[in-house]
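One letter stands for each residue in the lines below.
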Amino acid sequence: MRRLTAPLRALAARDPFLVFLAVSGGIFLLYWAVSARHQTIDVPLSVQKSLSDDYEMMAGRKPDAQAKAKLIHDYVADELLFRNAVERGMHMTDKTTKQRLIDRVRFMIAGAPADPSEDQLMGYYAAHRDLYRAEPRMSLDHVFFERKPADAAALLAKLQAGGSVKGDDFWMGHDLPNYGESMVRGMFGQPFTDALKKAPTGQWIGPLPSTRGWHFARVRDRGPSAMLPYTDVRDQVSQDYLAAQTGALVEQEVRKLESGYRIQVEQ
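The chain appears in an unreviewed UniProt entry as Parvulin-like PPIase from Sphingomonas bisphenolicum. Recorded in UniProt under Sequence similarities (unreviewed entry), the annotation for the chain is "Belongs to the PpiC/parvulin rotamase family."

**A closer look at the sheet that holds strand β5 (residues 214-223)**
Strand order in the open sheet formed by four strands is β3-β2-β5-β4, with antiparallel pairing between adjacent strands. The two strands at the open ends of the sheet, each matched to only one other strand, are β3 (175-180) and β4 (204-209). Here the strands of the sheet are splayed against their neighbours by 35° on average, with no regard to which way each runs. Running at roughly 145° to β4, helix α8 (residues 152-160) makes contact with β2 (137-145), β4 and β5 of the sheet.

**Structural notes on the side chain of D240**
Along the chain, the position of D240 falls in helix α11 (residues 230-258). Buried charge without a partner: D240 forms no salt bridge, and the closest opposite charge is R234, 12 Å away. Ignoring any residue separated from it by four or fewer positions in sequence, one finds D240 in contact with Y124 and Y132.

**Describing the environment of S225**
Structurally, S225 is set in the loop between β5 and β6 (226-227). As for S225 and G180, which are separated by 45 residues in sequence, their C-alpha atoms are 9.6 Å apart. In this view, S225 contacts R133, A134, E135 and P136; residues no more than four positions away in its chain are not counted. A polar contact is formed between the side chain of S225 and the backbone oxygen of A134, at a distance of 2.8 Å.

**A short note on helix α9 (residues 181-188)**
Residues of α9 that are buried include every one of E181, V184, M187 and F188, and no others. Take α9 and look down its axis: the buried residues cluster within an arc of 130°, on one side only. The secondary structure elements touched by the buried residues of α9 are β2, β3, α10 (190-198) and β5. Positive phi shows up at G189, right after α9, with a value of about 100°.

**Observations concerning α11**
Its axis deflected by about 40° at Q236, α11 carries its strongest bend there. For α11, every residue scored as buried is listed here: Y230, V233, V237, S238, D240, Y241 and V250. Considering only its buried residues, α11 is in contact with α6 (95-110) and α7 (118-127).

**Considering the pairing of β5**
Looking at chain direction, β2 and β5 are connected through nine bridges and run antiparallel. In the strand pairing of β5, D141 is matched with R218. Strand direction decides the pairing type here: β4 and β5, joined by four bridges, are antiparallel. For P209, the partnering residue across the bridge sits in β5 and is W214. Here β4 hands over to β5 after four residues, the two strands then running antiparallel side by side.

**Description of the pattern of salt bridges**
Scanning the entire structure with this criterion turns up ten salt bridges. Linking K197 and E181 is a salt bridge whose minimum nitrogen-to-oxygen distance equals 3.7 Å. Of this pair, K197 sits in helix α10 while E181 is found in helix α9, placing the two residues 16 residues apart along the sequence. By sharing partners, the salt bridges in this structure join D141, D175, R218 and R220 into a single network.

**Here we look at the environment of V184**
Checked against the element boundaries, V184 lands in helix α9. Taking relative accessible area as the criterion, V184 reaches 0% and is therefore assigned buried. For the pair V184 and L196, spaced twelve residues apart in the sequence, the C-alpha separation amounts to 9.6 Å. Apart from the residues within four sequence positions on either side, V184 is in contact with M138, L140, Y179, G189, F192, T193 and L196.

Each value, and the rule that gives it
Residues numbered from 1 in each chain as written. Predicted model: local features only at pLDDT ≥ 70, side-chain atom pairs only at ≥ 80, totals over all residues. Heavy atoms only, no water. UniProt positions renumbered as here; feature names shortened; annotations may be inferred. Pairing = 2+ DSSP bridges. Helix = DSSP H or I, 4+ residues; strand = E, 2+ residues; numbered from the N terminus. Axes fitted to C-alpha atoms, helices over the stretch in contact; angles between N-to-C directions. Contact = heavy atoms within 4.5 Å. Buried < 20%, exposed > 50% of the residue type's maximum accessible area, 1.4 Å probe, protein only. Lys, Arg positive; Asp, Glu negative; His and termini not counted. Salt bridge = Lys/Arg side-chain N within 4 Å of Asp/Glu carboxyl O. Polar contact = N/O pair within 3.5 Å; in protein donor to acceptor, adjacent residues only side chain to side chain. Arc of directions from axis to C-beta. Bend = angle between axes of the 7 residues up to and from the residue.

So, in structure tokens, the structure goes:
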């Protein structure tokens, strides 16, 4: 350590605690000076050029001195407001801002992955066959009523005997050919879909409640789940492959970051 100056030696001889205060004060002043430099807002020429270019694109002319001063003022104001928002922790509480920051960090970690080869795509397709399997499908007829009909039993008997029943108009029509189970579920709800799955093929059942109203329905035909050909889903396979590659890189970084934190999950 360097020797104390004569005044400090004299001060230390009288009261060591005063020396401690003096040194601590010096450290505080040094910290304040460094922190103050961190609060500097730089407006380099590159930023000024970008502001002027944006102005010219929007206004159709180059900014004059007054306009340039206004552009710089607005830039500094935005920077001050942004830093204030960060100090307030708003970037942690605003969901949209937080998600945008997360997405940007994900991209910074993984970057833009290289285009996969055809062999890589086909390998991914073969290893994840369940992702590319068409769901069971059905073709059905239905007679729709906005409200449950009072003579429901008589209407069902008429349909089962081969007769026709006039219901209310339905926006998707009354003949729904080759619909996947998820499409039926999305239109009418899970209980309606479950009832159709249990119904004998070719037999009218009902009235069934749905999210739309009431229905008499008949499943004309059913199609089993089946693998979709690679050529039909190649674009989807490519997207899934790239997402998996990116996800793996991000997950590696997350594991590294976790080591620096204590994770508490409230039960």
